[in-house]
Amino acid sequence: MADVKTIIEPFDEAGDAAFRVTASSLPEVFTGCGLALSNLILPWAELGGEWEHRLGMPATRRIELAAPDLESLLVDFANEIIFLFDCEAFVPCGFEFRELGRTEPAEGAGAACLDAEVAGIVLTENALLLATDQGGILGLVPKAASYHMIEVAELADGKWTARLVLDA
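So, here is what we can say about the structure in this document. Per chain, residue numbering runs from 1 following the sequence as it is written. Residue-level local features of this predicted model are given only where pLDDT is at least 70; pairs of side-chain atoms are given and counted only at 80 or more, and the full residue set underlies all totals for whole chains, interfaces and linings. Excluded from the side-chain calculations are hydrogens and water; all other atoms, namely the structure's heavy atoms, are used.

**What about the environment of V122?**
Point 1. For the purposes of this entry, the term helix denotes a DSSP run of H or I that reaches at least four residues, the term strand denotes a run of E that reaches at least two, and both are numbered from the N terminus. One can find V122 in strand β5 (residues 112-123).
Point 2. For the exposure calls, accessible area comes from a 1.4 Å probe over protein chains only, and a residue counts as buried if that area is under 20% of its type's maximum, exposed if over 50%, partly exposed in between. When its relative accessible area of 22% is taken as the criterion, V122 is described as partly exposed.
Point 3. Each C-alpha atom of the pair V122 and G56 lies 5.2 Å from the other, and the pair is 66 residues apart in sequence.
Point 4. Sequence-distant contacts of V122, defined by excluding residues within four places in its chain, comprise L55, G56, M57, A59, R61, E88, A89 and F90. By definition in these notes, contact holds between two residues if any of their heavy atoms fall within 4.5 Å.

Next comes the structure, spelled out in structure tokens:
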């Protein structure tokens, strides 16, 4: 199979933020979802140039999750990104998955798991103050990921797709 670039397509869903991601692997789909969410919070492209040095300090976080299925895992993953922003002003810009996929369910454990090293920045207090001004740096900070219309699936051609709706 030839390499497939990650395709992120936003769509309207009753006032919420929503997007579909298609990529050649499950980790690339989760990366696309994470980056789409991150870009909603902090629109990287609009900042240009040396935004990292002006807005925050580089940082990494580790995310480890288990869930009953891939759909629940994606919702939990998105909610963890939202939580990290709400609690620490951490905005991801890269994901390295050590483990991601379906597992044999062990007693008390989920049937899907994720272990990721997440690179990003922790916004400074000054950057957050800028964000409160009109025309600030922040975009949409969702309240939570929703199970509404959730989908994670492998397509017949071996590509993967995911659909995620975020409560605005």
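**A short note on the nonpolar core**
Taken as a class, soluble globular proteins show a tendency for nonpolar side chains to be buried jointly.
Point 1. Within the largest apolar cluster, 49 residues are counted, with the highest numbers of intra-cluster contacts made by F30, L73, L74, F77, L114, L123 and L166.
Point 2. If you list the elements that add at least two residues to this core, you get β2 (16-23), α1 (26-41), β3 (56-67), α4 (70-88), β4 (90-102), β5, β6 (144-154) and β7 (160-167).
Point 3. At 10 residues, α4 tops the list of elements feeding residues into this core.
Point 4. Ignoring any residue separated from it by four or fewer positions in sequence, one finds F30 in contact with L70, L73, L74, F77, F97, L100 and L114. For this analysis, a nonpolar core means a set of buried residues of the types Ala, Val, Leu, Ile, Met, Phe, Trp, Tyr and Cys, connected via side-chain atoms within 4.5 Å.

This is a description of form; function is not addressed.
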